[in-house]
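Breakdown of the fold
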Amino acid sequence: MEKNTVIAVGMGELGLGIEGILRRAARALIEQAIEAEVAVLLEEFATVRMVDGRQAVVRNGHLPEREIMTALGPVPVKVPKVRDRSGSGIKFNSVLAPPYVRKSRTVAATVPWLYLHGVSSGHMQEALSILLGDEAKGLSPAVLGRLKAEWAQEYAHWQHRSLQGKRYAYWWVDGIYTNLRAEEDPRICLLVIIGVTAEGKKELVSVSDGLRESKASWLEILRDLQARGLETAPLLAIGDGAMGFWAALDEAYPETGQQRCWVHKTANILNELPKAQQSKAKAALQEIWMAANRQAAEKALDVFVRNYQAKYPKAVAKLEKDRAELLAFYDFPAEHWRHIRTTNAIESTFATVRHRTTRTKNCVSRSSFLGLGFKMLQQAEKRWIGIYAPEKVLQLFAGVKFIDGIPANLTLPDDQQTAA
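The rules we used
Residues numbered from 1 in each chain as written. Predicted model: local features only at pLDDT ≥ 70, side-chain atom pairs only at ≥ 80, totals over all residues. Heavy atoms only, no water. Helix = DSSP H or I, 4+ residues; strand = E, 2+ residues; numbered from the N terminus. Buried < 20%, exposed > 50% of the residue type's maximum accessible area, 1.4 Å probe, protein only. Contact = heavy atoms within 4.5 Å. Areas by Shrake-Rupley, 256 points an atom, 1.4 Å probe, with all protein chains shown as cover. Expected span 1.5 Å × (residues − 1). Core = buried A, V, L, I, M, F, W, Y, C linked by side-chain atoms within 4.5 Å. Pairing = 2+ DSSP bridges. Axes fitted to C-alpha atoms, helices over the stretch in contact; angles between N-to-C directions. Polar contact = N/O pair within 3.5 Å; in protein donor to acceptor, adjacent residues only side chain to side chain. Phe/Tyr/Trp six-rings, centres within 6.5 Å; stacked < 30°, edge-to-face > 60°. Lys NZ or Arg CZ within 6 Å of the ring centre and 35° of its normal. Parallel < 35°, antiparallel > 145°, perpendicular 65-115°, else oblique. Left-handed = near helix turned anticlockwise from the far one by under 90°. Nonpolar A, V, L, I, M, F, W, Y, C, P; charged D, E, K, R; others polar.

On to the overall build of the protein chain. Counting its secondary structure elements, the protein chain contains 16 helices and 13 strands. In the protein chain, buried positions account for 51% of the 420 residues. Contacts in the protein chain between residues far apart in sequence, at least 24 positions, make up 71% of those at least 6 positions apart. Working note: accessible area of the protein chain is about 19,300 Å², and carbon and sulfur atoms make up 53% of it.

Structure (structure tokens):
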């Protein structure tokens, strides 16, 4: 089994300035926490009734939108109003939206909070305290518990949505470990599939829990997708070769093409080389996947094998065993190559979490584990940018064959290409 090397991936696909991204996510988190506060108050007075049997304490719209000062600067929020029809004077006062302004902290101090604590680990009180100050410490366990329960319910509803008529050109697949751990099994991770639709947009296809290396875990996910109506197989799946996903894919969607992630593969090969050789070897591997056509890539791959076979056979074996799967992208539009050579679509989403966590902390129940993981991905999905040349997806669905990234009917014989 290949070593599971952590790769540093940037946030280039997010498409927004970091402050804008953080403020938008902060607003959603704060408003959801305030809604949970209201729900707890309404539950507390649910048995208080008017003479005619109506509930005495009810929602009554929202106050005008206002800005509250956070660690990210001002964030606009809407605070709900509550009406006491009995005249007892019951009011709703959120501890998260006090009527005064505090001094803003730095954005840098909030980045690890938002991606790790605010979404993935369930440390809601700590997260909101960093964002809003000491006022957030007044949140009751009931409010925090309701937040996690709501996320679990959202996930359960999403997990049963119909996929009838859906079709995907590409799937990015990975098993993601975070510091959020399931109580039942510390090896459990989030098994994630992100797809490209006919419109060239990225969307979350599946997020579940399981063992990354287990065929059974992945097959259960794929069978569930089929049961909910996803009958047409994706054209190409992209992932690390060390997963049990590929055996499951062969059984559930055998017609789907396979592309191994070049980032994972490069890391796994370099792990078998001394540090003094890694820089040169990395450049040689780049010559393969950056080649203009399959023939040039094959030639560059043969050169790597010739140069490293004698001294570093394990490194060469890792490359050669996935030779066909590493070059599968040449049969797809050249405009899509930057997207489908790696699992960056998933890696970039989890980059901050992977850099700042370990695998041994924060054990939670399975429902919280899935709900919190789903919520993180759902928030990230809002920032995903579609692939280049989305019109090429429709060509693929129409059965157009691509050779070296160009439609087959537009390619020239090798000698004419050379002359051109």
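Turning our eyes to something else, we now look at helix α8 (residues 275-289). Helix length check: α8, at 15 residues, gives a terminal C-alpha distance of 22 Å against a target of 21 Å (1.5 Å per residue), a fit within 8%. Among the residues of α8, those classed as buried are A281, L285 and I288. Next to the buried residues of α8 lie α7 (262-270), α9 (294-308) and α10 (313-320).

Looking now at the environment of E325. Here E325 lies in helix α11 (residues 323-326). Placed 64 residues apart in sequence, E325 and C261 show a C-alpha to C-alpha distance of 9.0 Å. For E325, the contacting residues outside a window of four places in its chain are Q258, Q259 and R260.

Counting 56 residues, the largest nonpolar core has Y170, V192, L204, V207, I288, F304 and L319 as the members making the most contacts within it. Once residues within four sequence positions are removed from consideration, Y170 is found in contact with I194, G195, V196, L236, I238, F332, P333, H336, I340, I387 and L396. Ranked by size, the runner-up nonpolar core spans 24 residues in total, among them L191, I193, L219 and A248.

Here we come to the sheet that holds strand β5 (residues 170-176). Strand order in the open sheet made by the five strands is β8-β7-β5-β9-β10, with mixed pairing throughout. Here the strands that pair on one side only, and so sit at the sheet edges, are β8 (202-210) and β10 (257-260). Direction aside, the axes of adjacent strands within the sheet are offset by 20 degrees on average. Two elements, strand β7 (residues 189-196) and β8, share eight bridges in a ladder whose sense is antiparallel. Bridge assignment links V192 to a residue of β8, and that residue is V207. Contacting β5, β7 and β8, helix α5 (residues 215-227) runs over the sheet at an angle of about 40 degrees to β7. Contacts from helix α14 (residues 366-381) reach β7 and β8, with the element oriented near 165 degrees to β8.

Further remarks concern the environment of P407. Relative to the helices and strands, P407 is located in strand β13 (residues 406-407). By relative accessible area, which is 10% here, P407 ends up buried. The spatial distance from the C-alpha of P407 to the C-alpha of A334 is 9.6 Å, given a sequence separation of 73 residues. Not counting residues up to four positions away in its chain, the partners in contact with P407 are Q395, V400, K401 and F402.

Bringing the environment of Y330 into the picture now. Looking at the element boundaries, Y330 is found in the loop between α11 and α12 (337-340). Ignoring anything within four residues of it in the chain, the contact list for Y330 reads I288, W289, A291, A292, N293, R294, A297, W337, F402, I403, D404 and G405.

Our focus in this paragraph is the side chain of D174. Locating D174 in the fold gives a position in strand β5. One polar contact links D174 to R212, side chain to side chain, over a distance of 3.2 Å.

The phi dihedral of A389 falls on the positive side, at around 50 degrees, and the residue is not glycine. Along the chain, A389 turns up in the loop between α14 and α15 (391-397). According to the relative accessible area criterion, A389 is buried, its value standing at 16%.

Considering all chains together, one arrives at 12 aromatic pairs under this definition. Measuring from centroid to centroid gives 6.3 Å for Y308 and Y312, while their planes differ by 40 degrees, and the two rings are tilted. Accessibility classification places Y308 together with Y312 in one group, the buried group. When the centroid spacing of 5.0 Å and the interplanar angle of 75 degrees are considered together, the rings of Y330 and W337 count as edge-to-face. Look at Y330 and you get buried, because its relative accessible area is 0%. Through a chain of ring-to-ring contacts, three or more aromatic side chains come together here, namely Y155, W158 and F374. Here R338 stacks its cationic end above the ring of Y388, 4.1 Å away from the centre of that ring.

Between α9 and α10, the least distance of the axes is 9 Å, while the angle of their chain directions is 160 degrees. Classified by the interaxial angle, the pair formed by α9 and α10 is roughly antiparallel. Viewed along their axes, α9 and α10 form a crossing whose handedness is left-handed. On α10, the residues that touch L301, F304, V305 and Y308 of α9 are P313, V316, L319 and E320. A breakdown of the residues in the contact of α9 with α10 according to their chemical character gives seven nonpolar, no polar and one charged.

One face of the sheet, then the other: side chains in a regular strand alternate in exactly this way. Where burial is concerned, most of β5 is hidden: seven out of the seven residues are buried. By the alternation rule, side chains of β5 split into Y170, W172, D174 and I176 and W171, V173 and G175, which are all buried. Note: β5 against strand β9 (residues 236-239), three bridges, orientation parallel. In the sheet register, W171 faces β9, and the bridge partner there is A237.

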